[in-house]
Each structure stands twice: as structure tokens, then as C-alpha cells.
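Examination of the molecular architecture
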Amino acid sequence: MAVDPLIELLGVNKYYGGLHVLRDIDLTVGKGEVVVVVGPSGSGKSTLCRTINRLETVESGTITLDGEPLPQEGKALARLRAEVGMVFQSFNLFAHRTVLQNVSLAQVKVRRRTKDDADRRSRELLDRVGLLAQADKYPAQLSGGQQQRVAIARALAMDPKAMLFDEPTSALDPEMINEVLEVMRQLARDGMTMVVVTHEMGFARASAHRVVFMADGRIVEDRTPEEFFTAPRSERAKDFLSKILKH
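Within each chain, residues carry numbers counting from 1 in the order of the written sequence. Given that the model is predicted, a residue must reach a pLDDT of at least 70 before its local features are reported, and side-chain atom pairs must reach 80 or more before they are shown or counted; all residues, however, enter totals for whole chains, interfaces and linings. Where side-chain values are given, they derive from all heavy atoms of the structure, hydrogens and water being excluded.

**Description of the UniProt feature "domain: ABC transporter" (unreviewed entry) in the chain**
UniProt positions are given in the numbering used here, feature names are shortened, and annotations may be inferred rather than shown by experiment. Following the UniProt record, the feature "domain: ABC transporter" (unreviewed entry) maps to residues 7-241 here. This span, residues 7-241, is 39% helix and 26% strand, and a straight line between its end C-alpha atoms measures 27 Å. A helix here means a DSSP run of H or I that spans at least four residues, while a strand means a run of E at least two residues long, and both kinds are numbered starting from the N terminus.

Printed below as a string of C-alpha cells:
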């Protein structure tokens, strides 16, 4: 599905000291595509995700967003981060601000919206993630699943071109995982460009256009969910799936 490319990584290498964590990564994500990145722990999945908005720098290779190379630092980098929403394992909400303030803050600071416009947009998005009734609460008064949905609303409030999810459900209790995945499934249906690092194979199967399987810092397979889950080509993927799909 060679659609209009939005995110492109070409020959990307990343080291932590002597550890080669990303090896010659080539990856293209088209506009409106949902790419789910899976693989064993330590395979480089989260690092890959974090290079796309330059939370991690790379030693070699190029990364472009919508045809533009990633800026190095300063204002241009802040603008880039507004274009690429990111949702982490931990929710990173401001504890001393209400849910509404958490979602509105960057809209005012980065997007230069008025407080009224920002709050209106925030309420729309909180409604979309099912949390409008919680707008005046503080993060500590919410469950982990609710906090993560606020974090998703906050990222969406910037009207990003793409959304990155770095294991968004791995810190959640099992009964909260689905409420977060449901918001993500809806985003996928709405055509949001998404790169999702996750252990949730059901989400990968149902919502991904492509599954990217990583091992030892390399992309080993990049295929449709149907192909990947029913007929993995590599021994590494077969081994991974046999371990993860048993239960």
C-alpha cells in the first residue's frame, strides 16, 4: 500500500555507547496508515518510536516527516513535536492541574490558541475519549486507564499529523487496557496515521495495516497482520508468536 508517505526512516542507526540498538532501519508510514511494531523486549521498538519525534537522536540515516527532515533543536523541534503526538507508558500528566488544564495547556503555549478556544477543543476531545464528566478533576482522582485517555486527548489537541504510541497500555491494570485500546481503535478507524509499539496482539490483528516485527535492532518482517500472524517467514517471528499466542 504505497500511499503518500508521511514518516520515512532511511538507513537509521542508533547506538547507546557500544550497543547498536537500531540497525539500518528503513521504514515508511503512509498517511492514514496504522503501523504496529512488535517484537521481544530489547529489540529496539521503543527507541524506534522515540526517534520519530527526536526524543532519541540517531547516529546515521535520515528521518523525514511529511517530506521535511527532522529539525535539530529549538523552536522548529517544538513545532515538530506538535505535529507528532506521543503517548507514553506513563501518562506524564501535570498533577497540580485539572484534566481540562492538562489538555488545554500546550494548545495555548505552542499553538497560540486563546484559552476559550483551547478549552472548547479540549472538551470536544475529552468527550471523544469518554471523559468530559471528569474535566474538573485532577489526575490523581482518575484511574490509570482514564489518565491514559486524557494523555491521548492532550496529544490530539495539537491536531497532529501522526500519533506515536510507546507501549501505551503496559503500565495499566488488565481491566483498563481495553478502554484505552478502544480509543486507539476509533482513531485508527478515523484515519489517523499511527505508529504503535505494543504487546497487544489483538489490537495489531484488528487495527494495523502493517505489522513490523523487530528483533536485535532490525526490522525482520514488515507485512499485513494476516500474513504476519498466520504465516510468519522468519524463525525469530515464529518463535516470538509461539511464545506470545499460547495463552
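**What about the pattern of salt bridges?**
Counted as salt bridges are all cases of a side-chain nitrogen of Lys or Arg within 4 Å of a carboxyl oxygen of Asp or Glu. Under the criterion given, the structure shown has 23 salt bridges. Among the salt bridges present, the one from Lys31 reaches Asp4, with a minimum N-O distance of 3.2 Å. On the criterion of sequence distance, the pair formed by Lys31 in the loop between β2 (19-30) and β3 (34-38) and Asp4 in the segment before β1 (5-16) is long-range, its members being 27 residues apart. Residue exposure (1.4 Å probe, protein chains only): buried if accessible area is under 20% of the type maximum, exposed if over 50%, otherwise partly exposed. On the basis of relative accessibility, which here comes to 36%, the residue Lys31 falls in the partly exposed class. Here Arg210 and Glu33 are joined by a salt bridge, their closest N and O atoms 3.1 Å apart. Here Arg210 is found in strand β9 (residues 210-215), whereas its partner Glu33 is found in the loop between β2 and β3, with 177 residues between them in sequence. Grouping residues by exposure puts Arg210 and Glu33 together as buried. Shared partners join several salt bridges into a network, and the residues in it are Asp4, Lys31, Asp66, Glu83, Arg111 and Lys161.

**Brief notes about the pairing of β3**
Successive side chains on a regular strand alternate, one facing one side of the sheet and the next facing the other. Counting buried residues along β3, five of its five residues qualify, which places the element largely inside the surrounding structure. Neither face of β3 is exposed, since Val34, Val36 and Val38 on one face and Val35 and Val37 on the opposite face are all buried. Sheet analysis places β3 next to strand β8 (residues 193-197), joined by four bridges and oriented parallel. Across the sheet, the residue bridging to Val37 is Val197, located in β8. Here, a strand pair is defined by DSSP locating no fewer than two bridges between the strands. Relative to β9, β3 runs parallel, the two being bridged by four bridges. Following the sheet pairing, Val35 is matched in β9 by Arg210.

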